[in-house]
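Read off the chains here:
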Amino acid sequence: MRIVLLGAPGSGKGTQAKLMVERLGLPHISTGVLLRNAAKRGTALGLKAKSIIDKGELVPDDIMSDMIEERLSRDDVADGFILDGYPRNLAQAKSLDTMLDRLGQSTDVAIQIDVDLEQVIRRLAKRAKEEGRADDSGEVVRHRMRVYHEQTAPVIDYYANRGLLTHVLGDGTVEEVLERILSVLNMNQTAA
Ligand code: B4P
């Protein structure tokens, strides 16, 4: 199963993807994690990405498509994946389809996790205190939300128009949200 997780920053994509790995046995591909790991390693790409992430901007599409193409070409994703944080704009959505097409694959479902703005701002403020991520505080969060509404939100319609979109309410505990996701995937029997 090839799953794309969509949602605003702080909606729970990364949190849910980690739990879904245990339940579904699929690899988790997070572009945020790939970028932060590259930054920690101090590669030229990682350092460039860090300066962009810390401002709340999107990393350029060509960097992201190279990164995703390399990751999707590995053997462990042959039977599926949970993609978290990509695509983040329409160009990336089209690019993903082209890449999957070349591999003889396609997206099976896109899950949009819906959470209201106040709640995501509260969650990111809490994470800023706990983990010190530079992009989780103050004006940078507000900018990330603007970028999300302008560039990422249109991706929801892209998948809706292809009949692949399902919405899940992201309010409540992480376990409640996980059960809703497994339920839309018809996997809730395994969640008991
Ligand atoms: P990401 O790492 O994807 O950051 P994120 O959107 O904040 O999501 P994340 O998965 O970390 O957090 P979650 O909502 O699970 O991206 C970071 C940056 O990288 C982007 O801004 C961009 O600059 C760059 N980037 C990444 N992909 C890119 C792309 N494709 N193109 C260009 N640039 C790209 O969790 C947030 C917090 O909420 C956590 O503290 C969690 O514990 C909490 N939480 C989650 N669910 C909860 C619940 N139910 N209740 C209470 N708290 C909850």
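In what follows, the structure referred to is the one given above.
Residues numbered from 1 in each chain as written. Predicted model: local features only at pLDDT ≥ 70, side-chain atom pairs only at ≥ 80, totals over all residues. Heavy atoms only, no water.

With 6 of 6 residues buried, strand S1 (residues 2–7) lies mostly within the body of the structure. Side-chain alternation along S1 places Arg2, Val4 and Leu6 on one buried face and Ile3, Leu5 and Gly7 on a second face that is also buried. Summarising the sheet, S1 and strand S3 (residues 81–84) pair through 4 bridges and their orientation is parallel. From the neighbouring strand, Ile3 faces S3, where its bridge partner is Ile82. Taken together, the 5 bridges between S1 and strand S4 (residues 109–114) define a ladder with parallel strand orientation. Directly across from Gly7, in S4, lies its bridge partner Ile113. (Buried < 20%, exposed > 50% of the residue type's maximum accessible area, 1.4 Å probe, protein only. Helix = DSSP H or I, 4+ residues; strand = E, 2+ residues; numbered from the N terminus. Pairing = 2+ DSSP bridges.)

Our next topic: the site of the ligand. Around the ligand lies a shell of 28 residues, among which Gly12, Thr15, Thr31, Glu57 and Arg144 are the nearest. Interatomic distance of 2.9 Å between a side-chain N/O atom of Gln92 and a nitrogen atom of the ligand. The contact in question runs from an oxygen atom of the ligand to an N or O atom on the side chain of Arg127, over 2.8 Å. Protein coverage of the free-state accessible area of the ligand, which is 990 Å², stands at 88%. For the shell around the ligand, the secondary structure elements donating two or more residues are helix H1 (13–24), helix H2 (31–41) and helix H6 (117–131). Broken down by element, the residue count for the shell around the ligand peaks at 4 residues, all from H2. Grouping the constituent residues of the shell around the ligand by class yields 8 nonpolar, 11 polar and 9 charged. (Near = heavy atom within 4 Å. Polar contact = N/O pair within 3.5 Å; in protein donor to acceptor, adjacent residues only side chain to side chain. Areas by Shrake-Rupley, 256 points an atom, 1.4 Å probe, with all protein chains shown as cover. Nonpolar A, V, L, I, M, F, W, Y, C, P; charged D, E, K, R; others polar.)

Taken together, 5 strands build an open sheet; the order of strands is S2-S3-S1-S4-S5 and the sheet is parallel. Taken across any chain shown, the strands that pair with only one partner, and hence form the sheet edges, are strand S2 (28–30) and strand S5 (165–169). The mean inter-strand angle of the sheet, taken between neighbouring strand axes irrespective of direction, is 25°. Pairing analysis gives 5 bridges linking S4 to S5, with the strands arranged parallel. Within S5, the position partnered with Gln112 by the bridge is His167. Against the sheet, H1 contacts S1, S2, S3 and S4, and its axis sits at roughly 155° relative to S1. (Axes fitted to C-alpha atoms, helices over the stretch in contact; angles between N-to-C directions. Contact = heavy atoms within 4.5 Å.)

Counted under the stated rule, the structure contains 1 aromatic pair. Here Tyr158 and Tyr159 contribute two aromatic rings whose centre-to-centre distance is 5.3 Å and whose plane-to-plane angle is 90°, an arrangement assigned as edge-to-face. Neither Tyr158 nor Tyr159 differs from the other in exposure class; each is buried. (Phe/Tyr/Trp six-rings, centres within 6.5 Å; stacked < 30°, edge-to-face > 60°.)

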